[in-house]
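Now for the letters of each chain:
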Amino acid sequence: MDPGRRAAARRGHVDLAGVSFAVRDELPHRFHWQAVGDHHHVWRPHNARNRRDVANEVERQLFVKRRVDAVSRIHQQHRVAVCGRIHHRLGADVAAVVEGIGSDQRIGGQFLRPGPGWGGSCFPKDSRALVKIAEDHGYNFTMMRGVIDVNDEQLERMVAKILNAAGRVDGDLGGITVGALGLTFKAGTDDLRESPALAIISELRRRGAAVRAFDPTTVGELTPNQTVVLDGIHVVADALEVADGADVVVVFTEWPEFAKIDLDRLAARLTRPVTVVDTRNLLDPVLVREAGLGYDGVGRR
């Protein structure tokens, strides 16, 4: 290997077919430098027997490279989830910690937002794909497995919060009505695929709860897909309607209109004061309490 490439490899960077890769611990022990042709070097797998093997490996690694951005975002979400849990136990405000972490330009604050867990068509699929790709290469991607586990645990923690808010720590939600604000996996989309809201609602319903839900994308006649996916959920036409008969209100999606919801009118529709479980830290806890309601957020109270 020429000195420049050797130095780059020591710094943790290699080229595959002219594409620069940041090499992590899972790769170097399976690859070595080898000349291919007269003028090119590639980071070649130890068990590659010919150029076709090398080409296949390059193709696989290019697939991995397209997932690098997703890994970065997933890792950031993982940090926030863990920070939220620690600071919730300590009684601190995770928002202050996120602000501090996000002020580091190497990290940024774009994806550092507490939430109920990731969802949609990318993160869940990409995270599982990365674990599978690693397995195919004989590597146990423990960091990514840990991130997936933390995300699953985050969903369970949201269920526990709702059980506590409903006064049903025994886990039985029979006779309980949950008012759900938001169904999509994030604001600004009608995508319900692997939505954390639906995953949590499914568990609540399994435990016996009835669910009244509103989402801006379900106003009017439901699409055939929405009809199937939201079967068993009482979808209402107005955000305030989720409070009718509710024993607990949950903010699942960070739609801007939920941040501006009239809390006094919401409280007036309840038969008794209840707790708002804010899985997005979207609402102002002071204003919620001033409306006579309880408040429980993620990493803050």
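The shown structure was predicted, so the numbers you read here are calculated from the model rather than taken from an experiment.

Caption draft 1: The pattern of salt bridges, seen in detail. Enumeration over the complete set of coordinates arrives at 12 salt bridges. One salt bridge in this structure joins Glu135 and Arg145, with 2.3 Å as the shortest N-O distance. One end of the pair, Glu135, is in helix 5 (residues 123–136); the other, Arg145, is in helix 6 (residues 142–165), and 10 residues separate them in sequence. Residue Glu135 is classed as partly exposed on the basis of its relative accessible area, which comes to 40%. Residue Asp244 pairs with Arg269 through a salt bridge whose shortest N-O separation is 2.8 Å. You can see Asp244 sitting in the loop between strand 7 (234–235) and strand 8 (248–251) and its partner Arg269 sitting in the loop between helix 10 (263–268) and strand 9 (275–278), a full 25 residues away along the chain. Linked through salt bridges whose partners overlap, the residues forming this network are Glu203, Arg206 and Arg207.

Caption draft 2: Highlighting the side chain of Asp126. Tracing the backbone through its elements, the reader meets Asp126 in helix 5. Overall, Asp126 belongs to the buried group, its relative accessible area being 7%.

Caption draft 3: Focus on a negative patch on the surface. A grouping of Asp262, Asp264, Asp284 and Glu290 is seen on the molecular surface, where their side chains present a negatively charged patch. Note that Asp264 resides in helix 10. On the basis of relative accessibility, which here comes to 53%, the residue Asp264 falls in the exposed class.

Caption draft 4: Region of the structure containing the packing of aromatic side chains. Tallying each qualifying case throughout the model produces two aromatic pairs. Ring geometry for Tyr139 against Phe141: centres 6.0 Å apart, planes inclined by 55 degrees, an arrangement best described as tilted. Overall, the relative accessible area of 9% leaves Phe141 in the buried class. Centroid distance Phe214 to Phe258: 6.2 Å. Interplanar angle 65 degrees. Geometry classified as edge-to-face. Here Phe214, found in strand 6 (residues 210–214), pairs with Phe258, found in helix 9 (residues 256–259); they are 44 residues apart in sequence, far enough to count as distant. Relative accessible area serves as the criterion here: at 8%, Phe214 is assigned to the buried category.

Caption draft 5: Expanded view of unusual backbone geometry. The phi torsion at Glu194 lies on the positive side, around 50 degrees, for a residue other than glycine. Relative to the assigned elements, Glu194 resides in the loop between strand 5 (177–181) and helix 7 (196–206). Judged by its relative accessible area of 44%, Glu194 falls in the partly exposed class.

Caption draft 6: Highlighting helix 5. The terminal C-alpha atoms of helix 5, which comprises 14 residues, lie 20 Å apart, in line with the 20 Å expected from a rise of 1.5 Å per residue. Buried within helix 5 are the following residues: Phe123, Pro124, Asp126, Ser127, Ala129, Leu130, Val131, Ile133 and Ala134.

Caption draft 7: Layout of the pairing of strand 5. With five of five residues buried, strand 5 lies mostly within the body of the structure. Of the two faces of strand 5, the one holding Thr177, Gly179 and Leu181 and the one holding Val178 and Ala180 are both buried throughout. Crossover connection from strand 5 via helix 7 to parallel strand 6: handedness right-handed. In this sheet, strand 8 lies alongside strand 5 in parallel orientation, the contact comprising four bridges. In the sheet register, Leu181 faces strand 8, and the bridge partner there is Val251.

Reading the values: the criteria
- Residues numbered from 1 in each chain as written.
- Predicted model: local features only at pLDDT ≥ 70, side-chain atom pairs only at ≥ 80, totals over all residues.
- Heavy atoms only, no water.
- Salt bridge = Lys/Arg side-chain N within 4 Å of Asp/Glu carboxyl O.
- Helix = DSSP H or I, 4+ residues; strand = E, 2+ residues; numbered from the N terminus.
- Buried < 20%, exposed > 50% of the residue type's maximum accessible area, 1.4 Å probe, protein only.
- Patch = residues over 30% accessible without salt bridge, like charges linked within 9 Å, V, L, I, M, F, W, Y side chains within 5 Å.
- Areas by Shrake-Rupley, 256 points an atom, 1.4 Å probe, with all protein chains shown as cover.
- Lys, Arg positive; Asp, Glu negative; His and termini not counted.
- Charge placed at Lys NZ, Arg CZ, Asp CG, Glu CD.
- Phe/Tyr/Trp six-rings, centres within 6.5 Å; stacked < 30°, edge-to-face > 60°.
- Expected span 1.5 Å × (residues − 1).
- Right-handed = clockwise from strand over helix to strand, strands pointing away.
- Pairing = 2+ DSSP bridges.

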